[in-house]
Amino acid sequence: MSAPHLVLCAALLCWVWGAFGAGRASAASPAPPASGAAAVGGADWAQVIAAVSPAVVSVRMDRPIAFDTDAAGNSYATGFVVDAERGILLTNRHVVGAGPARAEAVFLNNEEVPLQPLYRDPVHDFGFYRFDPAALRYQARVALPLDPAAAKVGLEVRVIGNDAGEKISILSGTIARLDRPAPVYGRGRYNDFNTFYIQAASGTSGGSSGSPVIGPTGAVVALNAGANRSSAASFFLPLDRVVRALGYVQRGERPPRGTWRLTLAQRSWDELRRLGLSAAQEASLRAAHPAANGLLVVDEVLPGAEAEGLLAAGDILVQVEGQPISDYNRWEGILDDHVGQPLEVLALRDGLERRVRVPTGDLHAITPESWVEVGGAVLHPLSYQKALGFSHPVEGLFLADRGYLFEGTDVPAGAVLRAVDGAPVTDLDGLWAALGRLPDRQPFIVRYTLLSDPGRERLAQVWMDRRWSQLRRCVWSQAALGWPCMDAAAPPAALEPAPVTTAPLASPDRRARRALNALVMVEHTLPMGLEGVLGRSFRGAGVVIDAEAGWVLTDRDTVPSSIGDVRVVLAGGAVLPAEVLWLHPTENIAVVRYNPARIQGEPPAALRLSARPLERGDAVLQVGLDRDHQPVVHRARVTELRPWTLAAPSPPVWVPTNFEIIRVDEAISSAGGVLLDRRGRVGALWASFVDRAGADPDSWFAGVPAAELAAVVAQLRAGAESLAVPGLRVEPLPLRGARALGLSDARAAVVAQWPHAAVLSVVRVPSTGPADGLLRAGDVLLDADHAPLSSVSQLDAAAAAGRPIHLRVLRDRAELDLVLQPQRRSALGTVRALSWEGAVLQDIPVEVFDHLGLRPGGVWVAEVTPGSPASRYKLRAGLRVLAVNDQPTADLEGLLRVLPRGQAPVRLQVQELDGRRGVLSLKPAAGGAPAQLWARGATGWALTTLGPL
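Residues numbered from 1 in each chain as written. Predicted model: local features only at pLDDT ≥ 70, side-chain atom pairs only at ≥ 80, totals over all residues. Heavy atoms only, no water.

Caption draft 1: Layout of the layout of surface pockets. There is about 1200 Å³ of room inside the second largest pocket. If you go around the second largest pocket, you meet 45 residues; those closest to its centre are Arg441, Arg467, Pro577, Ala578 and Glu579. Counting residues per element, the lining of the second largest pocket draws most heavily on strand β36 (residues 575-583), which supplies eight residues. Across the lining of the second largest pocket, the residue classes break down as 26 nonpolar, eight polar and 11 charged. (1 Å grid on protein atoms, 1.4 Å probe; cavity = no way out; pocket = protein on both sides within 12 Å on 5 of 7 lines; lining within 4 Å. Points joined across faces, edges and corners; volume = space filled by probe spheres on them. Helix = DSSP H or I, 4+ residues; strand = E, 2+ residues; numbered from the N terminus. Nonpolar A, V, L, I, M, F, W, Y, C, P; charged D, E, K, R; others polar.)

Dropping the structure here:
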């Protein structure tokens with residue numbers, strides 16, 4: 001049976017049980033059917049199910065961060081009450097989770113009560129939640145008894161739970177095996193071991209994790225844990241270790257758990273003979289264990305384990321402390337009773353007896369119960385679970401989530417950190433101290449290994465982040481039954497940056513040498529996805545256009561948003577921090593700025609823009625950089641200069657509109673650059689374009705004409721933070737189509753002489769600008785300010801002046817004279833964003849209106865974090881929030897005014913992209929992350945913690 005077919009039964013989505021009756025709260029549990037032979041032989045399952053169902057609950061979990069083997073996300077599962085007086089609920093370990101989680105139980109009558117994690121076993125798939133019994137006001141408090149000895153081959157059982165997200169599913173089965181090996185769910189995932197499992201054909205699936213396996217007497221005989229996708233086989237955890245742990249938990253104690261950091265496997269007698277067991281030894285051992293099908297054999301000893309060098313794979317376990325061993329329960333019981341003590345072990349190796357004393361470690365000590373969060377990345381001590389999957393020592397700090405800190409680096413989730421900024425880190429204390437010494441945005445080196453390749457250390461440069469998120473440390477508290485966190489002190493002041501030097505790139509071509517000295521690589525990383533941007537790390541070439549101001553022109557595929565961190569890589573590999581300065585609202589042009597004072601020696605030399613537009617047939621020199629910052633130089637010829645249109649993407653995101661591109665023959669691959677004319681001046685920015693209208697994004701390069709670049713530079717030098725644009729979307733209409741709409745013969749004769757023999761036709765009039773109600777889709781633009789309108793750039797130039805544009809328009813075969821007031825669009829992008837209950841909200845980008853024709857109003861949901869309340873209650877990216885508790889929210893400022901404080905449920909009126917409206921209810925998380933506001937000011941972006949709203 002292959003591992004991919006085996007699945008844990010917790011579902012990502014599952015429906016809450018419906019109401020099946022309610023009763024007044026009562027501490028008394030209804031008696032199950034009478035036990036005994038009569039009940040077993042002919043159980044009244046309807047009576048059994050009616051008696052036990054009030055104790056079975058739906059468990060809803062929110063995991064806000066990735067931790068150990070758990071991913072962040074929302075899921076549903078099942079649990080059941082085992083102690084009604086103390087409010088103790090039994091479920092699976094993978095339901096309670098290895099790390100922080102918020103959970104609630106939904107009882108049979110749909111009453112909801114909060115849950116607190118009480119205990120999770122470090123190895124076996126069971127754990128306990130606690131709830132306040134007094135919070136259950138209407139549902140009868142029923143507890144189910146545990147009877148592990150009742151599990152027998154041939155026993156008819158019922159599994160009562162949340163199977164496949166269905167309401168209170170009841171599945172039947174018959175126990176077929178009591179000694180099935182623990183299922184393997186995949187390398188690096190949570191896996192149970194050192195225990196038998198019970199197998200039955202009941203066909204459980206997602207959502208049934210933690211379901212009780214009920215016998216005919218109404219007692220629980222096993223705990224549902226997993227299933228095989230390719231068959232109806234279900235896997236149940238025996239309850240022997242569960243019963244022991246429950247006793248400790250009921251006394252308010254943590255069950256002691258011992259370990260040798262090894263795995264055992266039961267081998268049959270014929271296998272034992274192949275391992276060297278003699279006939280005499282077999283006879284003696286069979287007599288000592290008449291019911292056993294075999295004995296336990298050491299399967300793997302972890303490096304650095306207590307048993308390393310004492311026991312080895314293939315050793316047959318015979319006795320521990322003089323007690324014969326043939327099953328996991330007895331062996332684990334001895335270890336659990338002797339934590340911190342050595343145990344005498346008798347084992348057989350190649351038929352020879354070996355007596356060794358093996359120290360007993362503390363299993364809880366190698367189970368992570370704390371973590372550090374920095375720049376959204378989550379690090380904690382490497383767990384026994386993770387280490388065992390890769391035969392790795394239980395040492396080092398495990399990167400559970402890359403977060404924003406490691407975005408743009410090669411460090412993957414699952415890496416093991418060894419050193420930070422030159423200081424070895426072996427535990428969280430060392431990591432906390434090392435990170436606390438680093439100023440915000442300070443580069444540093446991390447040394448790390450991979451679990452799959454521990455012998456090779458790797459290096460990566462990382463930039464400290466204290467701007468977009470907080471540095472905090474969280475530790476499990478048994479007293480609080482939670483993970484209280486501590487924020488770090490303010491970071492130290494930034495160091496005086498050292499000057500950097502450049503090393504100009506060489507080329508035999510004089511024009512190329514000058515251009516290469518002006519080309520840089522621009523790296524942009526985003527802490528969140530504002531403005532519909534997909535992805536978090538971007539890289540492309542840029543050109544220095546003003547060396548004294550440190551201005552770099554690049555494309556908006558490289559710098560798609562105003563938020564985030566920008567770095568400019570100069571020739572020679574020197575790196576300078578930069579900032580987003582300008583984002584063109586309609587053209588594929590972005591401008592970033594670095595501090596030129598930090599450059600020592602020869603700085604980049606700004607290139608001049610050509611005043612003469614490139615034309616078809618012109619010879620150009622393509623000069624650029626590849627991804628490794630190596631020069632790309634290629635002679636080419638302009639093949640076309642034409643208007644271009646990109647279809648509106650879904651989900652909506654910024655795309656250039658009303659633009660022209662320059663194409664050349666035989667362009668070679670690069671990360672961007674420039675097209676130089678014969679005099680070495682920039683005729684075009686060689687820019688990356690992305691067409692997102694299809695199923696997969698289609699990327700390609702083309703030239704942005706120098707005239708558009710010059711207009712941006714002029715605006716920057718004038719200090720403008722906005723730009724006047726036509727405020728409508730147009731596309732070229734071929735002459736034949738224009739004549740069909742009524743274009744006159746005289747005008748057709750003029751258009752026929754233009755390079756593309758096409759006119760401009762209106763395809764959309766956004767609802768946000770002056771063109772709304774003035775122009776219509778299908779209008780043909782003939783003249784602008786009394787001159788024939790032959791190109792998009794001509795229309796843009798007329799709008800850029802900011803004065804009314806006198807248009808002559810062809811509509812319904814008649815020519816009309818209209819006056820269009822250009823619309824001013826911000827060149828700063830989004831300047832505010834709010835994080836609330838796991839959702840990032842912003843004022844709606846005007847481009848959304850452009851693409852979809854929506855009316856203004858509401859707040860845009862930019863992204864939603866998995867494992868958050870926003871994700872739980874279906875608040876997803878692309879929705880806009882129109883009202884909160886019936887109070888309209890016209891913009892982000894309005895939303896901040898009406899969001900209520902506390903944990904009271906919030907009613908949100910939302911609208912889909914297609915205009916459909918609906919209502920969502922969201923219950924804020926108790927003790928969840930506080931609301932935070934990011935705002936861009938004169939000195940850049942700043943984070944303000946607003947606290948619970």
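Alright, that's what it looks like, and here's the rest.
Caption draft 2: View of the side chain of Arg567. With respect to the helices and strands, Arg567 occurs in strand β35 (residues 565-569). Despite its burial, Arg567 pairs with no opposite charge, the nearest such side chain being Glu523 at 4.3 Å. When neighbours within four sequence positions are excluded, Arg567 is seen to be in contact with Trp463, Met521, Val522, Glu523, Thr525, Val575, Leu576, Pro577 and Ala578. (Buried < 20%, exposed > 50% of the residue type's maximum accessible area, 1.4 Å probe, protein only. Lys, Arg positive; Asp, Glu negative; His and termini not counted. Salt bridge = Lys/Arg side-chain N within 4 Å of Asp/Glu carboxyl O. Contact = heavy atoms within 4.5 Å.)

Caption draft 3: Region of the structure containing helix α9 (residues 428-436). Buried within α9 we find Leu428, Leu431, Trp432, Ala434 and Leu435. Each buried residue of α9 sits inside an arc of 165 degrees when the element is viewed along its axis, so together they form one side. Near the N-terminus of α9, the side chain that reaches the backbone nitrogen of Asp429, with its oxygen 3.3 Å away, is that of Asp427. (Arc of directions from axis to C-beta. Polar contact = N/O pair within 3.5 Å; in protein donor to acceptor, adjacent residues only side chain to side chain.)

Caption draft 4: Broad picture of unusual backbone geometry. Of note, Asp350 is a non-glycine position whose phi angle comes to about 55 degrees, a positive value. On the secondary structure map, Asp350 appears in the loop between β19 (342-349) and β20 (352-359). Positive phi outside glycine occurs at Lys874, with the angle close to 70 degrees. Locating Lys874 in the fold gives a position in the loop between α16 (869-872) and β56 (880-884).

Caption draft 5: Highlighting the environment of Gly838. For Gly838, the position within the fold is in the loop between β53 (832-836) and β54 (839-843). When sequence neighbours within four positions are dropped, the list of residues in contact with Gly838 reads Glu863, Val864, Thr865, Ser868 and Ala870.

Caption draft 6: Examining the sheet that holds β35 more closely. As summarised here, the arrangement of the six strands in space is β32-β33-β34-β37-β36-β35, forming a closed barrel in which the pairing is antiparallel. On average, adjacent strands in this sheet sit at an angle of 40 degrees to one another, irrespective of strand direction. As judged from the five bridges shared by strand β32 (residues 519-525) and β35, these two strands associate in the antiparallel manner. By the bridge assignment for β35, Met521 is matched with Val569. Sheet strands touched by helix α10 (residues 510-518): β32 and β33 (537-546). Its angle to β32, the strand with the most contacts, is close to 30 degrees. (Pairing = 2+ DSSP bridges. Axes fitted to C-alpha atoms, helices over the stretch in contact; angles between N-to-C directions.)

Caption draft 7: Layout of the sheet that holds strand β6 (residues 112-120). Sheet architecture is closed into a barrel: six strands sit in the order β2-β3-β4-β7-β6-β5, paired in antiparallel fashion. Neighbour-to-neighbour, the strand axes of this sheet turn through a mean angle of 40 degrees, independent of strand direction. In terms of strand pairing, strand β2 (residues 56-63) meets strand β5 (residues 102-106) through five bridges, oriented antiparallel. Bridge pairing in β5 links Val59 to Ala105.

Caption draft 8: Broad picture of the pairing of β56. In terms of residue burial, β56 counts as a mostly covered element, since five of its five residues are buried. In the sheet, β56 pairs with strand β58 (residues 906-911) via four bridges, with the strands oriented antiparallel. Looking at the pairing, Ala883 lines up with Gln909 of β58. Strand direction decides the pairing type here: β56 and strand β57 (residues 887-888), joined by two bridges, are antiparallel. Bridging across to β57, Val884 finds its partner in Gln887. The hairpin turn running from β56 into β57, its antiparallel successor, is two residues long, and Asn885 in that turn takes a positive phi close to 50 degrees.

Caption draft 9: Up close: empty space enclosed by the protein. Counting across every chain of the model gives 10 cavities of 30 Å³ or more. When its volume is computed, the largest cavity comes out at roughly 170 Å³. For the largest cavity, the lining is made up of 16 residues, of which Arg556, Asp557, Trp654, Val690 and Arg692 are closest to its centre. Split into classes, the residues belonging to the lining of the largest cavity amount to 10 nonpolar, three polar and three charged. Quantified by volume, the second largest cavity comes out at close to 90 Å³. Surrounding the second largest cavity, 15 residues form its lining, Asn194, Gly258, Thr259, Trp331 and Glu332 being those nearest its centre. Residue assignment for the lining of the second largest cavity shows that the elements contributing at least two residues are β14 (258-259) and α7 (328-336).

Caption draft 10: Seen up close, the environment of Ile160. By secondary structure assignment, the location of Ile160 is in strand β8 (residues 156-161). Separated by 28 residues in sequence, Ile160 and Asp132 have C-alpha atoms that sit 23 Å apart. Not counting residues within four places of it along the chain, the set of residues in contact with Ile160 comprises Ile49, Val52, Ser53, Val56, Thr78, Ile168, Ser169, Ile170, Ser211, Pro212 and Ile214.

Caption draft 11: Fine view of α10. Within the sequence span of α10, burial applies to Arg511, Ala512, Ala515, Leu516, Asn517 and Ala518. Its buried side turned inward, α10 meets β32, β33, β39 (619-625), β40 (631-644) and β42 (673-676). Sitting at the amino-terminal end of α10 is Asp509, which places a side-chain oxygen 2.8 Å from the backbone nitrogen of Arg511.

Caption draft 12: Molecular detail of the state of the cysteines. In this structure the tally under the stated criterion is one disulfide. At a sulfur-sulfur separation of 2.0 Å, the disulfide partner of Cys474 is Cys485. The chirality of the disulfide connecting Cys474 with Cys485 is right-handed, given an S-S dihedral of about 105 degrees. Separated by 11 residues along the polypeptide, Cys474 in strand β29 (residues 472-475) and Cys485 in strand β30 (residues 485-487) bring together distant segments of the chain. On the accessibility criterion, Cys474 (0% relative accessible area) is buried. (Disulfide = S-S within 2.5 Å.)

Caption draft 13: Region of interest: the packing of aromatic side chains. A complete count under the given rule lists 14 aromatic pairs for this structure. Taking 6.0 Å as the distance between ring centres and 75 degrees as the angle between the ring planes, the aromatic pair formed by Phe67 and Trp371 counts as edge-to-face. Here Phe67 is found in the loop between β2 and β3 (73-83), whereas its partner Trp371 is found in strand β22 (residues 370-374), with 304 residues between them in sequence. Note on Phe67: relative accessible area 1%, which makes it buried. (Phe/Tyr/Trp six-rings, centres within 6.5 Å; stacked < 30°, edge-to-face > 60°.)

Caption draft 14: Geometry of the pattern of salt bridges. Summed over all chains, the structure comprises 52 salt bridges. For Glu893, the salt bridge is made with Arg832, and the minimal N-O distance between the two is 2.8 Å. Here Glu893 is found in helix α17 (residues 892-898), whereas its partner Arg832 is found in strand β53, with 61 residues between them in sequence. On the basis of relative accessibility, which here comes to 35%, the residue Glu893 falls in the partly exposed class. Judged by relative accessible area, Arg832 falls into the partly exposed class, the value being 22%. Of the charged contacts in the structure, one is a salt bridge between Asp914 and Arg916, with a shortest N-O distance of 2.8 Å. We note that Asp914, like Arg916, is exposed. Counted as one network, the salt bridges with shared partners bring together Asp121, Arg241, Arg244, Arg257, Glu332 and Asp336.

Caption draft 15: Geometry of the pairing of strand β28 (residues 453-463). As paired elements, strand β27 (residues 443-450) and β28 share seven bridges and run antiparallel to each other. Within the sheet, the bridge partner assigned to Ile445 lies in β28 and is Gln461. Hairpin connection from β27 to β28: two residues lie between these consecutive antiparallel strands.

Caption draft 16: Structural detail: the environment of Arg467. Along the chain, Arg467 falls in the loop between β28 and β29. In this structure the C-alpha to C-alpha distance between Arg467 and Gly727, which are 260 residues apart in sequence, comes to 35 Å. Those residues in contact with Arg467, other than ones at most four positions away along the chain, are Asp440, Arg441, Gly564, Asp565, Trp934, Trp941 and Leu943.

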